[in-house]
Amino acid sequence: MTASGLPQSYSPAPAIEVRGLHKHYGRHEVLKGIDFHVDSGQVVCVIGPSGSGKSTLLRCVNRLEEPSAGEILIEGVDICDRRTDLDEVRSRIGMVFQQFNLFPHLTVLKNLTLAQRSVHGRGKDEAVEIARRNLAKVGLAEKESAYPAHLSGGQQQRVAIARALSMNPDMMLFDEPTSALDPELVGDVLEVMKDLAQEGMTMMVVTHEMGFAREVGDKLVFMDGGVVVEEGRPVDVLSNPQHERTQSFLSKVL
Ligand code: ADP
Ligand code: MG
């Protein structure tokens, strides 16, 4: 122990730590023992074929899905422990989906203030100020009065990111955030995510954007058939995949 009371080797717990995670639906085992972690400030990209369990893994991380076995620790706290305040843990995790999931009957600004007020109990002025700051950050300050249907898919996704950021999360989970977008709209969304990464946000990103993974990712994880087949520095995994399954997948997508 040091004078501060912390052990000499003290290091903060990973933002996300998954140990021996299994998930099955009935007899169908979708995750077959996943070990995986994301350090604070890291950007970890997850790739793999459709049906390999990427979304299920992401959804287990904030317990939108109930794990069948294993442990999930968020900043050192076991979210499967019944004593854990799940709402409190979830409030530290921002989530962005392939489908933007904005409330269609609410303006952009209202979309950004609603949960701030109901979950964080913020007053209207404070919530509006935070919302406007985050809209400016994603380049959509002038759209606060628009309804989602009047925005492009790329703009809607940037609003969804701004909405998640307005909750001041410690980390952000992205599930194929650009897969539903027309190709010409993908770049703006990736740019916002890159800015976020450069600010030091902890991010777990399921994506097919190999350029983003290579440029922005600190780690790349390749999943297939419910297991992590391979992980490493993006440049290494992409340029020199070690496993035949990784090679085969990359040869189809690169
Ligand atoms: P990915 O995101 O990599 O495409 P998913 O995690 O969505 O993969 O799905 C992995 C497997 O789990 C698929 O075979 C899928 O059909 C199955 N699955 C996902 N969600 C459910 C569910 N709610 N009930 C039953 N099977 C599911
Ligand atoms: Mg998926």
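The coordinates are above.
A quick note: this is a predicted structure, and the numbers were derived from the prediction, not measured. (Residues numbered from 1 in each chain as written. Chains lettered and ligands numbered in written order. Predicted model: local features only at pLDDT ≥ 70, side-chain atom pairs only at ≥ 80, totals over all residues. Heavy atoms only, no water.)

Q: Looking at this structure, I do not really get the packing of aromatic side chains. What am I missing?
A: Each pair of aromatic rings is reported with the distance of its centres and the angle of its planes. Across all of its chains, the model carries one aromatic pair by this definition. Ring centres of Phe 222 and Phe 249 lie 5.3 Å apart, and the angle between their planes is 35 degrees; this geometry places the pair in the tilted category. With a gap of 27 residues between them, Phe 222 in strand 9 (residues 219–224) and Phe 249 in helix 9 (residues 244–253) connect regions that are remote in the sequence. Given the relative accessible area of 9%, Phe 249 is considered buried. Over the ring of Phe 36 we find Lys 219, and its NZ or CZ is 5.9 Å from the ring centre. (Phe/Tyr/Trp six-rings, centres within 6.5 Å; stacked < 30°, edge-to-face > 60°. Helix = DSSP H or I, 4+ residues; strand = E, 2+ residues; numbered from the N terminus. Buried < 20%, exposed > 50% of the residue type's maximum accessible area, 1.4 Å probe, protein only. Lys NZ or Arg CZ within 6 Å of the ring centre and 35° of its normal.)

Q: Explanation requested: the sheet that holds strand 3 (residues 43–47) in the structure shown.
A: The strands making up a sheet associate through hydrogen bonds between their backbones, and the pairing can be parallel or antiparallel. If you trace the six strands from one edge of the open sheet to the other, you get 6-7-8-3-9-10, paired in mixed fashion. Only two strands of the sheet have a single partner each, and these edge strands are strand 6 (93–96) and strand 10 (227–232). The average angle at which neighbouring strand axes cross in this sheet is 15 degrees, direction not considered. Of the strand pairs in this sheet, strand 9 and strand 10 are connected by five bridges, and their pairing is antiparallel. Bridge pairing in strand 10 links Asp 224 to Val 227. (Pairing = 2+ DSSP bridges. Axes fitted to C-alpha atoms, helices over the stretch in contact; angles between N-to-C directions.)

Q: Is there a simple way to explain the packing of helix 3 (residues 108–120) against helix 5 (residues 153–165) in this structure?
A: When two helices pack together, their arrangement is given by the angle between the helix axes and the distance between those axes. It is the contact of helix 3 with helix 5, at a shortest axis distance of 8 Å, that shows an interaxial angle of 30 degrees. Considered as vectors, helix 3 and helix 5 are oriented roughly parallel to each other. Viewed along their axes, helix 3 and helix 5 form a crossing whose handedness is right-handed. Together, Val 108, Asn 111 and Leu 112 of helix 3 and Val 159, Ala 162 and Arg 163 of helix 5 make up the contact between the two elements. Tallied by class, the residues present in the contact of helix 3 with helix 5 amount to four nonpolar, one polar and one charged. (Parallel < 35°, antiparallel > 145°, perpendicular 65-115°, else oblique. Left-handed = near helix turned anticlockwise from the far one by under 90°. Contact = heavy atoms within 4.5 Å. Nonpolar A, V, L, I, M, F, W, Y, C, P; charged D, E, K, R; others polar.)

Shape descriptors only; they carry no functional weight alone.
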